[in-house]
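Below are the chains, spelled out letter by letter.
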Amino acid sequence: MFKGKVSIIGSGYVGATTAYTIMLSGLVSEIVLIDINRNKAEGDAMDLNHGISFVSPVQITGGDDYELIRDSDLIIITAGAAQKPGETRTDLLKRNTAIFKNIVDKILRYCDNEPILMVVTNPVDILTYVFYKLSNFPREKVIGSGTVLDTARLKYLIGEHTNIDTRNVHTYIIGEHGDTEVAAWSMTTIAGVRLEEYCRICNRCDAKKICKEDFYQQTKNSAYEIIQKKEATYYAVALAVRRITESLIGNENSILTVSSLMEGQYGINDICLSLPTIVNGKGADKVLELPFNDEEIDGLRKSASTLKGLAANIGF
Ligand code: NAD
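On a predicted model such as this, the values are computed, not experimentally measured, just so you know.

Q: Just checking my understanding: could you explain the nonpolar core for this structure?
A: When a protein is soluble and globular, its nonpolar side chains tend to lie buried together. Membership of the largest hydrophobic core comes to 47 residues, with the highest contact counts inside it found for Ile9, Ile69, Ile107, Phe131 and Leu275. Every element with two or more residues in this core is listed here: β2 (28-34), β4 (74-77), α3 (93-108), β5 (116-119), α4 (124-135), β13 (259-265), β14 (268-274) and α9 (294-313). Formed jointly, this core draws a minimum of three residues from each of two domains, domain 1 (5-144) and domain 2 (148-313). Formed by 36 residues, the second largest nonpolar core is a distinct cluster that contains Leu48, Met118, Ala240 and Val241.

Have a look at this one:
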């Protein structure tokens, strides 16, 4: 079986935890960690290497020299300034765009083989768009982790409430990974039936139905809450990135809400945001235009226009 080389730029909370989850997965033969803080990347690589005898063979290196990323199949960017307590994702934009441009420039020197580029750094949709514009790569090769994490958060809440295995809950958060994201309740199913129908069958709670607004708010605001409590979020996002990596490296054709360039879907053009997308070895291969209801499509368009405003603010 083909096993790829994955490079992770930024060996902070998210980058190092992502390296750990990908290492455990046995998906790849090589992991590279790059950080401006060379000691951190080197130290993380050493620490991970000391666990290699417990997992499938994998070569792990770390440093600050971008030459190490040459011939990568996938490059994941987690570098940047992290969200501070009380800071919105959009407040991060100006700080991270400057860092990001510098990183993109260095990455592109080692991209002759046109690897897939995955952005995790926030605000992820804008930075995915910036990366797409600066790289001139085909649209499917530049993706953001988007709302894969948010979708998992909503699935968890519904699974907890209904006492059903989260993997049997199907739902999507679409649009921006952030304040304007949209919960696609019209596409939410358990055991093949719409949520409202399942609530009638389930009959577990007094309300006899899920409080959608409460679950949406919890999903949207959980990053702020976790950051307030422990400075950063990293376990779940690292698992989300691992899941996307699995679909890319394994050519799985999984449907995931990654962020990618919009080309006319629901009348939205020339900005990156998340919609259910077929993810395979080509990258974000096909963005699905599913029959969301009018309210959801309206929310999606508002999300797109917010993102366009932010991109314009930084000259993109
Ligand atoms: P962190 O501060 O722990 O790590 C960031 C790392 O980037 C640091 O090690 C830093 O040295 C490095 N870095 C900074 N500038 C660099 C440069 N020019 N080149 C190379 N490395 C550089 O932060 P974190 O908690 O790991 O978060 C990283 C990013 O991930 C943030 O933008 C955060 O908001 C984002 N994030 C995204 C999601 C998501 O779902 N998309 C979820 C959680 C966090």
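Q: Whenever I open this one, the packing of α3 against α4 confuses me. Can you help?
A: The axes of two packed helices give the description: the angle between them and the distance between them. Running from N to C, α3 and α4 cross one another at 35°; their axes reach a closest spacing of 10 Å. α4 is crossed by α3, and the crossing has right-handed handedness. Residues Leu93, Asn96, Thr97, Phe100, Lys101, Val104, Ile107 and Leu108 of α3 pack against Ile126, Leu127, Val130, Phe131, Leu134 and Ser135 of α4. Here the residues of the contact of α3 with α4 are counted per class, giving 10 nonpolar, 3 polar and 1 charged.

Q: Looking at this structure, I do not really get empty space enclosed by the protein. What am I missing?
A: Take a probe with the size of a water molecule and roll it over the atoms, and the empty space left behind shows itself. This structure, assessed with the given rule, holds 2 cavities of 30 Å³ or more. Here the largest cavity defines a volume of roughly 50 Å³. Lining the largest cavity, in full, are His161, Thr162, Cys199, Cys202, Asn203, Arg204, Cys205 and Lys208. Those elements that place two or more of their residues in the lining of the largest cavity are α5 (148-162) and α6 (195-202). Grouping the amino acids of the lining of the largest cavity by side-chain chemistry returns 3 nonpolar, 3 polar and 2 charged.

Q: Help me understand unusual backbone geometry in this model?
A: It is generally the case that most residues other than glycine have a negative phi and that most peptide bonds are trans. In this structure, the amide linkage connecting Asn122 to the following residue, Pro123, adopts the cis form with an omega of 0°. Within the fold, Pro123 resides in the loop between β5 and α4. At Asp270, a position not held by glycine, the phi torsion is positive, near 55°. Tracing the sequence through the fold places Asp270 in strand β14.

Q: What is the right way to read the pairing of β4 from this model?
A: Every other side chain in a regular strand lies on the same face of the sheet, so the side chains alternate between the two faces. Because side chains alternate across β4, one face comprises the buried residues Leu74 and Ile76, and the other comprises Ile75 and Ile77, equally buried. Sheet topology places strand β1 (residues 4-9) next to β4; 4 bridges connect them, and they run parallel. Following the sheet pairing, Ile9 is matched in β4 by Ile77.

Q: Sorry, what's going on with the site of the ligand here?
A: Close to the ligand lie 26 residues, the nearest being Tyr13, Val14, Asp35, Thr78 and Val120. Between the ligand and the protein, one listed contact pairs an oxygen atom with a backbone N or O atom of Gly80 at 3.4 Å. Asn122 places a side-chain nitrogen or oxygen 3.1 Å from an oxygen atom of the ligand. Across the complex, the protein chains shield 86% of the 860 Å² of accessible surface that the ligand would expose by itself. Elements with a contribution of two residues or more to the shell around the ligand: α1 (13-25) and α3. No other element matches α3, which puts 3 residues into the shell around the ligand.

Rules behind the numbers
Along each chain, the written sequence defines residue order, and numbers are assigned to residues from 1. The predicted origin of the model limits local features to residues at a pLDDT of at least 70 and limits the giving and counting of side-chain atom pairs to 80 or more, whereas totals for whole chains, interfaces and linings rest on all residues. Water and hydrogen atoms were dropped before computing side-chain values, which therefore reflect all heavy atoms in the structure. Residues grouped as a nonpolar core are buried Ala, Val, Leu, Ile, Met, Phe, Trp, Tyr and Cys residues, joined through side-chain atoms within 4.5 Å. Burial classes follow relative accessibility: with a 1.4 Å probe on protein chains only, a residue under 20% of its type's maximum area counts as buried, one over 50% as exposed, and anything between as partly exposed. Helical segments are the DSSP runs of H or I of at least four residues, strand segments are the runs of E of at least two, and each set is numbered from the N terminus. Where each domain starts and ends follows an automatic or database-derived domain assignment. Throughout, an axis means a line fitted to C-alpha atoms (over the contacting stretch in the case of helices), and angles, computed between N-to-C directions, take values from 0 to 180 degrees. A clockwise turn of the near helix away from the far one marks a right-handed crossing, whereas an anticlockwise turn of less than a right angle marks a left-handed crossing. The contact definition used throughout considers only heavy atoms, calling two residues in contact when any of these lie within 4.5 Å. By the convention adopted, Pro, Cys, Tyr, Trp, Phe, Met, Ile, Leu, Val and Ala count as nonpolar, Lys, Arg, Asp and Glu as charged, and the other residues, Gly among them, as polar. In this analysis a 1.4 Å probe is tested at points of a 1 Å grid over the protein atoms alone, and where it fits but cannot get out there is a cavity; an open set with protein on both sides within 12 Å along at least five of seven lines is a pocket; lining residues have an atom within 4 Å of a point. Grid points are joined across faces, edges and corners, and a volume is the space filled by probe spheres set on the points. Two strands are counted as paired when DSSP detects at least two bridges linking them. Residues are classed as near a molecule or strand on a simple rule: at least one heavy atom within 4 Å of it. Whenever two N or O atoms come within 3.5 Å, that pair is a polar contact, provided that in protein one can donate a hydrogen and the other can accept it, and provided that, for residues adjacent in sequence, both atoms are side-chain atoms. Note on areas: Shrake-Rupley, 1.4 Å probe, and residue coverage restricted to the protein chains presented here.

Function cannot be read off these values alone, since they describe shape.
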